[in-house]
Every structure is written in structure tokens, then in C-alpha cells.
Amino acid sequence: MNGLLSSLVIIFGIALMGAILLQPGSKGGGLGSSFGGGGANSAFGAQGATPFLAKATYWIAALFLGTTLYVEYTVTTASRSVLEKGTSLSAPAAPAQAPAAPAPAPAQPAPAPKTSH
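Here's a quick rundown of the structure.

## Points about the overall build of the protein
Phase 1: Regarding its fold elements, the protein presents two helices and zero strands.
Phase 2: Expressed as a percentage of the 117 residues in the protein, the buried residues total 13%.
Phase 3: Pairs at least 24 apart in sequence give 61% of the contacts found in the protein among residues at least 6 apart.
Phase 4: Per element, the accessible surface of the protein, about 9800 Å² overall, is 68% carbon and sulfur.

## Some points on a nonpolar patch on the surface
Phase 1: A cluster of nonpolar side chains, namely Ile 10, Ile 14 and Met 17, defines an oily patch on the protein surface of about 330 Å² accessible area.
Phase 2: By the element assignment, Ile 10 lies in helix α1 (residues 2–22).
Phase 3: Classification of Ile 10 by relative accessible area gives exposed; the value is 53%.

## Observations concerning the environment of Pro 51
Phase 1: In this fold, Pro 51 is placed in helix α2 (residues 50–77).
Phase 2: Using a relative accessible area of 33% as the deciding quantity, one classes Pro 51 as partly exposed.
Phase 3: Sequence spacing of Pro 51 and Gln 23 is 28 residues, and the spatial spacing of their C-alpha atoms is 9.4 Å.

## Observations regarding the side chain of Thr 67
Phase 1: Turning to its location among the elements, Thr 67 is positioned in helix α2.
Phase 2: Not counting the four nearest positions on each side in its chain, Thr 67 is found in contact with Leu 8, Val 9 and Phe 12.

## A word on the environment of Leu 22
Phase 1: Locating Leu 22 in the fold gives a position in helix α1.
Phase 2: Sequence spacing of Leu 22 and Leu 53 is 31 residues, and the spatial spacing of their C-alpha atoms is 7.6 Å.

## With respect to α1
Phase 1: For α1, with 21 residues, the first-to-last C-alpha span of 30 Å sits near the 30 Å given by 1.5 Å per residue.
Phase 2: Within α1, burial applies to Leu 5, Phe 12, Gly 13, Leu 16 and Ala 19. Seen from one end, α1 has its buried residues packed into an arc of 135°, which puts them on one side. Residues of α1 that are exposed and point more than 90 degrees away from the buried face comprise Ile 10, Ile 11, Ile 14, Met 17 and Leu 21.

The rules we used
- Residues numbered from 1 in each chain as written.
- Predicted model: local features only at pLDDT ≥ 70, side-chain atom pairs only at ≥ 80, totals over all residues.
- Heavy atoms only, no water.
- Helix = DSSP H or I, 4+ residues; strand = E, 2+ residues; numbered from the N terminus.
- Buried < 20%, exposed > 50% of the residue type's maximum accessible area, 1.4 Å probe, protein only.
- Contact = heavy atoms within 4.5 Å.
- Areas by Shrake-Rupley, 256 points an atom, 1.4 Å probe, with all protein chains shown as cover.
- Patch = residues over 30% accessible without salt bridge, like charges linked within 9 Å, V, L, I, M, F, W, Y side chains within 5 Å.
- Salt bridge = Lys/Arg side-chain N within 4 Å of Asp/Glu carboxyl O.
- Expected span 1.5 Å × (residues − 1).
- Arc of directions from axis to C-beta.

What follows is the structure, encoded as C-alpha cells:
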């Protein structure tokens with residue numbers, strides 16, 4: 001299941017980058033115009049593919065965000081951090097024990113003051 005989710009996140013990420021790059025910029029150009037999409041005789045009509053690409057970008061972004069949040073949810077509910085999920089080749093080291101502190105010496109009674117009679 002984790003492999004499928006990771007694959008979906010990667011696929012949606014690449015599709016999102018492609019949808020963003022194909023949209024025309026502020027000057028009417030874009031990567032889509034270099035593939036012949038910049039004319040009035042395009043497959044999407046006189047306005048071009050702008051509305052379609054904008055809606056597709058919203059949907060792909062929503063799918064990307066949803067799968068990313070679900071992956072994060074599954075990682076955090078596993079009660080292990082992302083760093084601990086990696087394969088460890090050696091067993092975790094046992095905690096070092098602190099040396100036992102010597103017992104405190106018993107207090108010496110103070111000598112009684114000498115009185116002269």
C-alpha cells in the first residue's frame with residue numbers, strides 16, 4: 001500500500017508540473033504554444049486550452065494534496081518517525097549505564113568543647 005501511495009504522489013506531482021507548464025503566461029505564450037496550441041484552430045476552440053488546463057490543474061493539485069496528506073497521516077499514526085522508518089542495519093545500541101555513585105560517608109559528630117573547671 002505504501003508503494004502505491006508513493007507512486008501516486010510522484011505521478012500526481014509530475015502531472016501537476018506538466019499542467020502548470022502548459023498554461024499560457026501573462027504574455028499569452030507558454031509551453032503549450034510551442035506544440036501548436038496557440039492558434040484559433042486548436043482543438044479546444046478559439047480561447048484555447050486555458051479553461052481546461054486551469055480546471056485540470058485544480059483537480060490534479062487537489063489529488064496531489066490529498067494523497068500527500070494521507071501519506072503523512074499513515075506515517076504519523078504508525079507511532080514512528082520518518083527517520084525511524086528507514087531500514088537499520090544494526091540493532092539499536094543499549095543505553096549506557098551511568099557508574100554507581102559511592103554512598104556518602106556518614107557524618108562525623110562534632111567533638112564536644114572542652115570545659116575547664
